[in-house]
Amino acid sequence: QVHVVESGGGLVQSGGSTRLSCKASSSFFNNWAVTWYRQRPGEERELVAALAIDCGGERIADSVKDRVIIFRHDNAVWLEINNLISEDTAMYYCNAIDHYARDYWGKGILVTVSS
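Here the residue index of a chain counts from 1 through its sequence in written order. Residues qualify for local features only when their pLDDT is at least 70, as the model is predicted, and side-chain atom pairs are given and counted only at 80 or more; totals for whole chains, interfaces and linings, by contrast, use all residues. Based on all heavy atoms of the structure, the side-chain values leave hydrogens and waters out of the count.

Mind showing me how you'd approach the state of the cysteines here?
Linking two cysteines covalently via their sulfur atoms produces the bond known as a disulfide. Here, two cysteine sulfur atoms that lie within 2.5 Å of each other are counted as a disulfide. Counted according to the given criterion, the structure contains one disulfide. Linked covalently through their sulfurs, Cys22 and Cys94 form a disulfide whose S-S length is 1.9 Å. Every disulfide takes its handedness from the sign of the S-S torsion; for Cys22 and Cys94 that torsion is -70°, giving left-handed. With a gap of 72 residues between them, Cys22 in strand E3 (residues 18–24) and Cys94 in strand E9 (residues 90–97) connect regions that are remote in the sequence. Here Cys55 stays free of any disulfide, with the sulfur of Cys94 as its closest cysteine sulfur at 16 Å. Each helix corresponds to a stretch of at least 4 residues labelled H or I by DSSP, and each strand to a stretch of at least 2 residues labelled E; elements are numbered beginning at the N terminus.

Quick look at the structure:
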């Protein structure tokens with residue numbers, strides 16, 4: 001069974017930066033597609049950024065395009081959010097899709113932006 005695990009997050013200051021990492025317990029992870037989603041309290045889950053690890057193709061939501069970077073490093077996919085604002089406070093979830101189009105979700109990690 002594949003496990004997807006997010007790490008990072010926590011309490012961060014407004015205007016600062018944070019990095020979240022996503023790892024999967026599969027040796028084929030480097031051929032997968034990884035998407036970061038977030039969900040604010042009372043709102044629906046929304047896509048933040050996605051990365052096709054094998055080809056490097058990426059997609060970043062327009063709402064965060066100037067502040068978010070997604071990249072692969074050290075067998076993980078990282079989400080970097082810069083110039084944090086209160087609206088970035090949310091649960092962040094990693095979704096990984098393997099080469100058979102099966103998807104796996106992490107349990108989520110909380111980012112709280114303090115003013």
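Here the narrative resumes.
Could you clarify how one ought to interpret the environment of Cys55 in this entry?
Tracing the chain through its elements places Cys55 in the loop between strand E5 (46–52) and strand E6 (58–60). Buried means the residue's accessible area, taken with a 1.4 Å probe over protein chains only, is under 20% of the maximum for its type, while exposed means over 50%, and partly exposed covers the values in between. Judged by relative accessible area, which is 63%, Cys55 ranks as exposed. On a C-alpha basis, the gap between Cys55 and Asp74 in space is 16 Å, while along the polypeptide they are 19 residues apart.

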